[in-house]
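Reading the structure
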Amino acid sequence: MNETLIQDAPEDSPIIQIVGMHKWFGDFHVLRDIHLNVKRQERIVICGPSGSGKSTLIRCINRLEEHQRGDIVVDGIELTNNIKNIEKIRAEVGMVFQHFNLFPHLSILENLTLGPIWVRKVPKKEAEETAMYYLEKVQIAEQAEKYPGQLSGGQQQRVAIARSLCMKPKVMLFDEPTSALDPEMVKEVLDAMIELAEEGMTMLVVSHEMGFARSVAHRVLFMDFGQIVEENTPEEFFHNPQHERTQLFLSQILH
Amino acid sequence: MAVHPISDADAIKPPKTQTGVVGWMRQNLFNGVFNSILTVVILYILWKTVPPLIRWFFIDAVWTTASEACYAADGACWSVIYNNIRFILFGLYPHDLQWRPLAAIVLLIALLVYSRDRRRWRRSLLWTWLAGLFVMGLLMKGGLFGLENVDSTLWSGLPLTLLLSVFGMVAAYPLGVMLALGRRSRMPAIKSLCVVYIEMIRGVPLISLLFMSSVMFPLFLPEGLTINKILRAQIAIIMFTAAYIAEVVRGGLQAISRGQYEAAESLGLGFPQKMRLVILPQALKIVIPPTVGILVSAFKDTSLVVIIALYDLLKTTQSVLSNPKWMGFSSEAYIFIALIYFICCFSMSDYSRKLERELGAGERR
Ligand SMILES: Nc1ncnc2c1ncn2[C@@H]1O[C@H](COP(=O)(O)OP(=O)(O)O)[C@@H](O)[C@H]1O
Ligand SMILES: [Mg+2]
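If you're wondering where the values come from, they're calculated on a predicted model, not measured in any experiment.

1. Section: the packing of aromatic side chains
This model, assessed by the stated rule, comprises nine aromatic pairs over all chains. Summarising the aromatic geometry, the rings of Phe 237 of chain A and Phe 238 of chain A are spaced 5.2 Å apart at their centres and angled 85° between planes, so their arrangement reads as edge-to-face. Aromatic side chains Phe 240 of chain B and Tyr 244 of chain B sit 5.0 Å apart centroid to centroid with 45° between the ring planes, which places their arrangement in the tilted category. Placement of both Phe 240 of chain B and Tyr 244 of chain B in helix 10 (residues 229–254) is noted, with a separation of four residues, approximately one turn of the helix. Phe 240 of chain B gets classed as buried once you look at its relative accessible area, which sits at 11%. Linked through ring pairs, Phe 222, Phe 237, Phe 238 and Phe 249 of chain A together constitute an aromatic cluster. Sitting over the face of the ring of Phe 25 of chain A, Lys 23 of chain A holds its NZ or CZ atom 4.6 Å from the ring centroid. The ring of Phe 103 of chain A carries the charged tip of Arg 163 of chain A above its face, separated from the ring centre by 4.5 Å.

2. Quick notes on the environment of Ser 115 of chain B
All names here are of chain B. Checked against the element boundaries, Ser 115 lands in helix 5 (residues 99–115). For Ser 115, a relative accessible area of 11% puts it in the buried group. Sequence separation of Ser 115 and Phe 58 is 57 residues, and the distance between their C-alpha atoms is 36 Å. Not counting chain neighbours up to four residues away, the residues in contact with Ser 115 comprise Trp 121, Leu 125, Trp 129 and Tyr 351.

3. Thoughts on the interface of chain A and chain B
Across the boundary between the two partners, chain A contributes 25 residues, which contact 23 residues of chain B. Both sides together, the interface formed by chain A and chain B hides about 2,100 Å², and carbon and sulfur atoms give 59% of it. Considering only the side of chain A, the residues that lose the most area to chain B are Pro 104, His 105 and Trp 118 of chain A, jointly responsible for 27% of the buried surface there. For the pair chain A and chain B, the interface holds two salt bridges. Residues Arg 258 of chain B and Glu 65 of chain A are paired through a salt bridge, measuring 3.5 Å at the closest nitrogen-oxygen approach. Put simply, chain A and chain B have seven residue pairs in polar contact (both at pLDDT 80 or more) between them. Elements with a minimum of two residues in the side of chain A that touches chain B: helix 3 (83–92), strand 6 (93–96) and helix 4 (108–118) of chain A. Here the side of chain A that touches chain B is built from residues that sort into 13 nonpolar, six polar and six charged.

4. Observations concerning the site of ligand 1
Residue and element names in this part refer to chain A. Taken together, Phe 25, Phe 28, Val 30, Pro 49, Ser 50, Gly 51, Ser 52, Gly 53, Lys 54, Ser 55 and Thr 56 make up the full set of residues adjacent to ligand 1. Within the side chain of Ser 55, one N or O atom sits 2.5 Å away from an oxygen atom of ligand 1. Protein contacts shield 61% of the accessible area of ligand 1, which totals 560 Å² for the unbound molecule. Take the shell around ligand 1: its biggest share by element is three residues, from helix 2 (residues 54–61). By residue class, the composition of the shell around ligand 1 is four nonpolar, six polar and one charged.

5. So, the side chain of Gln 282 of chain B
Mapped onto the fold, Gln 282 of chain B is located in helix 12 (residues 271–286). Classification of Gln 282 of chain B by relative accessible area gives buried; the value is 11%. A distance of 2.9 Å separates polar atoms of two side chains, one belonging to Gln 282 of chain B and the other to Gln 260 of chain B. When near neighbours in sequence (up to four residues on either side) are disregarded, Gln 282 of chain B contacts Pro 104 and His 105 of chain A together with Ile 256 and Gln 260 of chain B.

6. Brief notes about the side chain of Glu 230 of chain A
Residues and elements named next belong to chain A. One can find Glu 230 in strand 10 (residues 227–232). Of the side chains with opposite charge, Arg 245 lies nearest to the buried Glu 230, which makes no salt bridge, at 9.1 Å. In terms of polar contacts, Glu 230 uses its side chain to reach the backbone amide nitrogen of Gln 242, at 2.8 Å. For Glu 230, the side chain forms a polar contact with the side chain of Thr 246, separated by 2.7 Å. Apart from residues no more than four positions distant in its own chain, Glu 230 is found in contact with Val 220, Leu 221, Phe 222, Pro 241, Gln 242, His 243 and Thr 246.

7. Overview of empty space enclosed by the protein
All names here are of chain A. For the structure on display, the rule yields three cavities of 30 Å³ or more. Its boundaries defined by the atoms lining it, the largest cavity holds a volume of some 60 Å³. Lys 137, Val 138, Leu 165, Ala 192, Glu 195 and Leu 196 together form the lining of the largest cavity. With three residues, helix 7 (residues 183–198) is the single largest residue contributor to the lining of the largest cavity. Of the residues contributing to the lining of the largest cavity, the split by class is four nonpolar, no polar and two charged.

8. Describing the domain arrangement of chain B
In many reports, interface size means the accessible area that the parts give up when they come together. Per the domain assignment, the segments making up chain B are domain 1 (15–59), domain 2 (79–91 + 153–216 + 226–355) and domain 3 (94–149). The straight-line distance from the C-alpha centre of domain 1 of chain B to that of domain 2 of chain B is 39 Å.

9. Regarding the state of the cysteines
Residues and elements named next belong to chain A. One pass over the full model with this rule turns up zero disulfides over all chains. Cys 47 takes part in no disulfide bond, and the closest cysteine sulfur, belonging to Cys 60, lies 19 Å away. The class of Cys 47 is buried, set by a relative accessible area of 1%.

Definitions and limits used
Residues numbered from 1 in each chain as written. Chains lettered and ligands numbered in written order. Predicted model: local features only at pLDDT ≥ 70, side-chain atom pairs only at ≥ 80, totals over all residues. Heavy atoms only, no water. Phe/Tyr/Trp six-rings, centres within 6.5 Å; stacked < 30°, edge-to-face > 60°. Helix = DSSP H or I, 4+ residues; strand = E, 2+ residues; numbered from the N terminus. Buried < 20%, exposed > 50% of the residue type's maximum accessible area, 1.4 Å probe, protein only. Lys NZ or Arg CZ within 6 Å of the ring centre and 35° of its normal. Contact = heavy atoms within 4.5 Å. Buried area = accessible area lost by both parts, 1.4 Å probe. Salt bridge = Lys/Arg side-chain N within 4 Å of Asp/Glu carboxyl O. Polar contact = N/O pair within 3.5 Å; in protein donor to acceptor, adjacent residues only side chain to side chain. Nonpolar A, V, L, I, M, F, W, Y, C, P; charged D, E, K, R; others polar. Near = heavy atom within 4 Å. Areas by Shrake-Rupley, 256 points an atom, 1.4 Å probe, with all protein chains shown as cover. Lys, Arg positive; Asp, Glu negative; His and termini not counted. 1 Å grid on protein atoms, 1.4 Å probe; cavity = no way out; pocket = protein on both sides within 12 Å on 5 of 7 lines; lining within 4 Å. Points joined across faces, edges and corners; volume = space filled by probe spheres on them. Domains from an automatic or database assignment. Disulfide = S-S within 2.5 Å.

Rendered as structure tokens:
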């Protein structure tokens, strides 16, 4: 299955291009000289120790964080201070957070239709139909009228995925989507993500889920101290890590 | 490894705590020596005070007599209300036109009651209110459709109090929200402007604002241009209330996690939409209780306009009491207007509780 998935990534222009990007928090150099091209339909898993800058990196891609040097081009649009461009890119880039961040004052259905109605200007009825389609896909259509607070963590995260999908994004970013979940709920979220992968979504996933990386990723990136230290196919990455920091990290998470 | 059998869930019930009236009394009134003594003392005090009060309020009271009968009676003289009700409520407004402020008040109450139901909060309600306000203004002022013109210097009593407070609240609330947003703005100019405004207003009492608006402000206006006195007081009340609302709303905004902002932004929502659809609905809901607290005190504070010689409800009552015929009956008169204030303020708190319940209904169980 692995081979077939790798082959279906087309070779045309990259959807994300990051060239020589640096970022500081005050004096703290959090991202150093990042170079990364993401092809359409490519799936990348990013791992690395806590504090190595993984979240910051993917948050720079939809400008939740601002980079200070280098260039980031998403779907042909360069990220600058131009607010209109930023909003345009954000509409095309879905993001799933560690803590779900659903809107607690809106029902599940309203959570899903908010973006399409106000950003994409889709008529309400159509937005609701799309929402129900994606809710069914992540298998919680029956919860549409409930509020986020009434759902389990796993259900909330699946709603969060559906909420992003309703915007029909070209890229999906995931920031440790399963690490705030109880163990028995991890699988249901990963299954939803795997299904998404099989449909050819471009995905950047910060995660330490080995099994997930093995089954869907084309590439695994390892970050440490704000740098991309190593990148490789999942098989090579896990069985034959090159860098000693990668080896140390893998020995820690695989105990 | 042992497998524990799961016991029949229905078989075990929580222990009974309520065992009739005696049980309730024992639990709530006589649990322990100290509480028993307290209960007895309080019962004694009630027995000593309540019956005389009831006698004064109702049994010995006179209701519809002339003032002479009041001096003879042992109880309350409600006649002071009965004989002066029109002046207390409508003050200087021309006597034979007083149906107009009455109609305006009825219309206002009807609109308020109608708007209680959240399902009616549609855009059309906004138009209904605008139309309603126009009709109310027309009723008060006249000058159109054959209604006789009544100068606004004659507006007084309850309509004036309601006018100042309802407009004050309705205008101060959005202004306060804007100030709160401004205070959190990343743009230094806007931010400092809002901080200075809020802190300056909160640093002075409403009375001095009212004085400034009525005495000092006209000095700055060019010759010949005057701004209506009621309007000036109204602006002072709005500015004052807005500053307090701003601080409360700011507290609510701080309670919203960064994740909510980021989720809204990552959908591509712009600033106004993010605020209107995601952040403010949550923040404003959190601060309903303190907001209503501020609105209630703003309502009561409108009575301070007496010091700039506006005839609000309190002032019309005082004028009645300065009439030698009714001089001794201030308790009755003040109890009456206290009742009016109470009804208004209580409705506000009651409504806020209802709103809080409804808005919280589906969320977080
Ligand atoms: N808003 C911020 N301000 C200052 N430092 C931050 C901020 N966000 C993250 N950091 C710091 O940047 C580093 C990288 O953070 P992050 O990207 O969240 O790491 P990771 O996701 O790999 O655990 C950490 O040391 C963190 O403390
Ligand atoms: Mg992180």
